[in-house]
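Topology and contacts: notes
Next come the chains, spelled out residue by residue.
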Amino acid sequence: MGVDVCWDPAATQPPARQAAFRSMTAVTAGDKAAWLALFAGDAVVEDPVGPSMFDEEGKGHHGQDGISAFWDKTIANVERFQFTIRDSHAAGDEVANVGTITTYLPGGYRVDTDGVFVYRVREDGLIVSMRAFWETERAMATARQES
């Protein structure tokens, strides 16, 4: 049984972990503007890494316009998010979070996406790269309708 990782806001945390936490907080709140403000102008989001239904070429979503379009295509269509981070490994300007993102979709559906979520920040704390390693088929196999 895993233990959820909790970040103590009073404790000093590495910048990448802080950025990851702010990202999850903005997504959970449905605050697109706050989420976009976390990214550098030349940032790249790969969620998931490689070709997918969200990124057919597997090259990622680049810059504010690309990341904004990613939000509109994916995050905006979810009614509620729950992030469960079981472990977090910070090193240098990056952090790799291991956990599950539970999405609650229209029609009462729920999907659990297990993965490793890697954030890299620059010196000012803005995210330059967010790479999510998860398997579409594995996540879709968890889809179920909540009663």
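Residue numbers restart at each chain and count upward from 1, following the sequence in its written direction. The model is predicted, so local features are restricted to residues of pLDDT at least 70 and side-chain atom pairs to those at 80 or more, both for listing and for counting; the totals for chains, interfaces and linings are taken over all residues. Based on all heavy atoms of the structure, the side-chain values leave hydrogens and waters out of the count.

As for the pattern of salt bridges
When a carboxyl oxygen of Asp or Glu lies within 4 Å of a side-chain nitrogen of Lys or Arg, that pair is called a salt bridge. Applying the stated criterion to the full structure yields ten salt bridges. The shortest N-O distance in the salt bridge between R131 and E46 comes to 2.9 Å. Separated by 85 residues along the polypeptide, R131 in strand β6 (residues 127-133) and E46 in strand β1 (residues 39-46) bring together distant segments of the chain. What makes R131 partly exposed here is its relative accessible area of 29%. Exposure categories follow from relative accessible area, calculated using a 1.4 Å probe and restricted to protein chains: below 20% of the type maximum is buried, above 50% is exposed, and the middle band is partly exposed. Judged by relative accessible area, which is 14%, E46 ranks as buried. The partner of E57 in a salt bridge is K59, with the nearest N and O atoms 3.4 Å apart. For E57, a relative accessible area of 59% translates into the label exposed. K59 gets classed as exposed once you look at its relative accessible area, which sits at 55%. Each of R110, D112, R144 and E146 takes part in salt bridges that share partners, so that together they form one network. Secondary structure is summarised from DSSP: a helix means a run of H or I of at least four residues, a strand means a run of E of at least two, and numbering begins at the N terminus for each.

Description of the nonpolar core
In this structure, W35, F39, I67, I75, Y119, I127 and M130 are the most contacted members of the largest nonpolar core, which totals 31 residues. Within the residue set of this core, elements represented by two or more residues are α1 (15-29), α2 (32-36), β1, α3 (63-73), β3 (80-91), β4 (94-105), β5 (109-121) and β6. Whether two residues touch is decided by their heavy atoms; if any such pair falls within 4.5 Å, the residues are in contact. Among residues more than four places away in sequence, those in contact with Y119 are A16, A20, S23, M24, D93, E94, V95, N97, I127, S129 and M130. Residues grouped as a nonpolar core are buried Ala, Val, Leu, Ile, Met, Phe, Trp, Tyr and Cys residues, joined through side-chain atoms within 4.5 Å.

A short note on the UniProt feature "domain: SnoaL-like" (unreviewed entry) in the chain
UniProt positions are given in the numbering used here, feature names are shortened, and annotations may be inferred rather than shown by experiment. Mapped onto this structure's residue numbering, the UniProt feature "domain: SnoaL-like" (unreviewed entry) falls at residues 22-130. In residues 22-130, the share of helix is 22% and the share of strand is 47%. The end C-alpha atoms are 13 Å apart.

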